[in-house]
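Tertiary structure, described
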Amino acid sequence: MAKNRSELVAEVAAKAETSQVAVNNVLDALFSVFESSVAAGEKITVPGWLAIERTERAARTGRNPQTGETIQIPAGFSVKLSAGSKLKAAVAKKAPAKKAPAKKK
């Protein structure tokens, strides 16, 4: 199941015992800093949780899937997100196993 932004804001506000408006403003500011920093080529690291950086993509030859024509794809940039050790450890914890339903004879 995925969480959308409003669900995330509501959950963080409840855990931090603050308003959803305040949490929403903090997220807006955080994403603004992410955007400007990564666009400038800076790497953002939150130790143990995640790292965000801009990567370069080399120019390459591609193919138009509709016509099969060869095309040149220009060089560009992409974004790389890396999970930190705490996040990886949280994901690696196994949930309790569910029992399989009994087979009917």
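Above this text you will find the structure in question.
In this report, the structure presented in the accompanying data block is examined. (Residues numbered from 1 in each chain as written. Predicted model: local features only at pLDDT ≥ 70, side-chain atom pairs only at ≥ 80, totals over all residues. Heavy atoms only, no water.)

What to know about the packing of aromatic side chains
Just so we agree on the cut-off: Geometry of aromatic contacts follows a simple scheme: Phe, Tyr and Trp rings, the Trp one being its six-membered ring, pair when their centres are within 6.5 Å, and the pair is stacked under 30 degrees between planes, edge-to-face over 60, tilted otherwise. By definition here, charges over rings are those cases where NZ of Lys or CZ of Arg is within 6 Å of the ring centre and within 35 degrees of the ring normal.
Under the defined criterion, the tally for this structure stands at one aromatic pair. A cation over an aromatic ring shows up here: Arg54 above the ring of Phe77, its NZ or CZ 3.9 Å from the ring centre.

Digging into the pattern of salt bridges
Selection rule: The term salt bridge refers to a pairing of a side-chain nitrogen on Lys or Arg with a carboxyl oxygen on Asp or Glu at a separation within 4 Å. Helix and strand definitions follow DSSP, with helices as H or I runs of at least four residues and strands as E runs of at least two, each counted in order from the N terminus.
The final tally for this structure, using the stated rule, is three salt bridges. When the shortest N-O distance is used, the salt bridge between Lys3 and Glu11 registers 2.1 Å. Note that Arg5 is salt-bridged to Asp28, the shortest N-O span being 2.5 Å. Of this pair, Arg5 sits in helix H1 (residues 5-16) while Asp28 sits in helix H2 (residues 20-39); the two residues are 23 residues apart in sequence, bridging distant segments of the chain.

A look at the side chain of Ser37
Where we set the bar: Pairs of residues are marked as contacts when any of their non-hydrogen atoms sit within 4.5 Å.
Along the chain, Ser37 falls in helix H2. Once residues lying within four places of it in the same chain are set aside, the contact partners of Ser37 are Glu42 and Ile44.

Notes on the environment of Ala10
Filter applied, for reference: Think of it in three bands: residues with accessible area under 20% of the maximum for their type are buried, residues over 50% are exposed, and the middle band is partly exposed, with areas taken using a 1.4 Å probe on protein chains only.
Summarising the element assignment, Ala10 is placed in helix H1. Using a relative accessible area of 29% as the deciding quantity, one classes Ala10 as partly exposed. The sequence separation of Ala10 and Asn24 amounts to 14 residues, and the corresponding C-alpha distance is 9.1 Å.

What to know about the sheet that holds strand S2 (residues 50-57)
To summarise the sheet geometry, strands pair through backbone hydrogen bonds and adopt either a parallel or an antiparallel arrangement. Condition: Strand pairing is assigned whenever DSSP identifies at least 2 bridges connecting the two strands. Simply put, an axis is a line fit to the C-alpha atoms, just over the touching stretch for a helix, and the angle between two N-to-C directions goes from 0 to 180 degrees.
Strands sit in the order S1-S2-S5 across an open sheet of three strands; the sheet is antiparallel. The sheet is open, and its two edges are formed by strand S1 (44-46) and strand S5 (76-83), each paired on a single side. Recorded for the sheet is a direction-independent mean angle of 25° between the axes of neighbouring strands. Alignment of S1 against S2, held across three bridges, turns out to be antiparallel.

A word on a nonpolar patch on the surface
Keep this limit in mind: Only residues whose relative accessible area exceeds 30% and that form no salt bridge enter a patch; like-charged residues are grouped when within 9 Å of one another, and nonpolar side chains (Val, Leu, Ile, Met, Phe, Trp, Tyr) when within 5 Å. Using the Shrake-Rupley algorithm and a 1.4 Å probe, accessible areas are obtained, with residue cover drawn only from the displayed protein chains.
A cluster of nonpolar side chains, namely Val46, Trp49, Leu50, Leu87 and Val91, defines an oily patch on the protein surface of about 410 Å² accessible area. In this fold, Trp49 is placed in the loop between S1 and S2. Relative accessible area serves as the criterion here: at 40%, Trp49 is assigned to the partly exposed category.

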